[in-house]
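For reference, the chains in residue letters:
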Amino acid sequence: MKIILIILGGAAVVILIIVAITKSGGSDKKIAGYTMSDPNAPKVEMQEKKYEFGKINLNDVAKHDFKITNTGKNPLIITGIITSCHCTSAVLKIPGKTDSPEFGMHVHDNWQGELAPGSEADLEVIYKPSVMPVKGQISRVVTFSTNDPSNKEVQVEITAEVQ
């Protein structure tokens, strides 16, 4: 009886380990990995990561394009675009390709954009204060993932004073 309990306990531990490993890597999209020392890695460059709209009215729709450049030697893959609030959305616009879906607080796991070496794209951030009506100083963030080993996660921020 003791041997059966030990075998069942061992099997349960093995099953838990397999489930944990599967869960930790199962939902992430697999993209080419690079090391930080790899001279051929893609490299995300941004002219700015924060934009101030200034004073805006509650019923305004404020938009700003953040420029993304791939200064690396291989394609830059952009995935997992997500915003910090339902009042904020983002669209990735890569010239010559169809615009991404409009992303909000929920990640679209099955979408990824590819930016060729030397190419630029625009991340259009749209802020609609009336969706989550608050007045005063606000800050909203858009986050996305890349295959740049030095910038696996990138954040941009918008701020405004809502009147």
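Refer to the structure printed above.
Quick look at the structure, then. (Residues numbered from 1 in each chain as written. Predicted model: local features only at pLDDT ≥ 70, side-chain atom pairs only at ≥ 80, totals over all residues. Heavy atoms only, no water.)

**Some words on the overall build of the protein**
Looking only at helices and strands, the protein has one helix and nine strands in total. Element order for the protein, N to C, with α for helix and β for strand: α-β-β-β-β-β-β-β-β-β. Expressed as a percentage of the 163 residues in the protein, the buried residues total 35%. Within the protein, residue pairs in contact and separated by at least 24 positions form 70% of the contacts whose partners lie at least 6 positions apart. For the protein, the exposed area adds up to about 9,600 Å²; of that, 57% sits on carbon and sulfur atoms. (Helix = DSSP H or I, 4+ residues; strand = E, 2+ residues; numbered from the N terminus. Buried < 20%, exposed > 50% of the residue type's maximum accessible area, 1.4 Å probe, protein only. Contact = heavy atoms within 4.5 Å. Areas by Shrake-Rupley, 256 points an atom, 1.4 Å probe, with all protein chains shown as cover.)

**Things to note about the sheet that holds strand E4 (residues 76–83)**
Spatially, E2-E9-E8-E4-E6 is the arrangement adopted by the five strands of the open sheet, whose pairing is mixed. Here the strands that pair on one side only, and so sit at the sheet edges, are strand E2 (50–56) and strand E6 (112–115). Shown here is a sheet whose adjacent strand axes are inclined to one another by a mean of 25 degrees, direction ignored. The sheet contact formed by E4 and strand E8 (residues 136–146) spans four bridges and is antiparallel. Each residue of the ladder has a partner; that of Thr-83, found in E8, is Val-142. (Pairing = 2+ DSSP bridges. Axes fitted to C-alpha atoms, helices over the stretch in contact; angles between N-to-C directions.)

**Observations regarding the packing of aromatic side chains**
Scanning all chains against the criterion turns up two aromatic pairs. Ring plane angle 80 degrees and centroid distance 5.1 Å describe the contact between Tyr-51 and Phe-53, whose orientation is recorded as edge-to-face. The exposure class assigned to Tyr-51 is partly exposed, which follows from its relative accessible area of 28%. For Phe-53, a relative accessible area of 16% translates into the label buried. (Phe/Tyr/Trp six-rings, centres within 6.5 Å; stacked < 30°, edge-to-face > 60°.)

**Observations regarding the environment of Pro-101**
Here Pro-101 is to be found in the loop between strand E5 (88–93) and E6. A sequence separation of ten residues divides Pro-101 from Val-91, and the C-alpha atoms of the two residues are 6.3 Å apart. Beyond its immediate sequence surroundings of up to four residues, Pro-101 is in contact with Ala-90, Val-91 and Trp-111.

**Examining the side chain of His-64**
Among the secondary structure elements, His-64 is positioned in strand E3 (residues 62–70). Given a relative accessible area of 13%, His-64 falls into the buried group. Leave out the neighbours within four places in its chain, and His-64 touches Glu-48, Tyr-51, Phe-53, Leu-123, Glu-124 and Val-125.

**Observations regarding the sheet that holds E5**
Reading across the sheet, the four strands line up as E1-E3-E7-E5 and stay open at both edges, with antiparallel pairing between neighbours. Each edge of the open sheet carries a strand with a single partner, namely strand E1 (44–46) and E5. Averaged over all neighbouring strand pairs, the angle between strand axes comes to 30 degrees, with direction disregarded. Across six bridges, E5 lies against strand E7 (residues 120–127) in antiparallel orientation.

**Some details on the nonpolar core**
In terms of nonpolar packing, the biggest core is built from 30 residues, with Met-46, Ile-68, Ile-81, Leu-92, Leu-123, Tyr-127 and Phe-144 touching the most fellow members. Secondary structure elements with two or more residues in this core: E1, E2, E3, E4, E5, E7, E8 and strand E9 (153–162). In terms of residues, this core owes the most to one element, E9, which gives five residues. When near neighbours in sequence (up to four residues on either side) are disregarded, Tyr-127 contacts Phe-53, Ile-56, Asp-60, Val-61, Ala-62, Cys-87, Thr-88, Ile-138, Arg-140, Ile-158 and Val-162. (Core = buried A, V, L, I, M, F, W, Y, C linked by side-chain atoms within 4.5 Å.)

**Details of the environment of Thr-71**
With respect to the helices and strands, Thr-71 occurs in the loop between E3 and E4. Its relative accessible area of 46% is what places Thr-71 among the partly exposed residues. Spatially, the C-alpha atoms of Thr-71 and Ala-116 are 9.1 Å apart, while their sequence positions differ by 45 residues. With residues near it in sequence (within four places) discarded, Thr-71 still touches Lys-43 and Glu-45.

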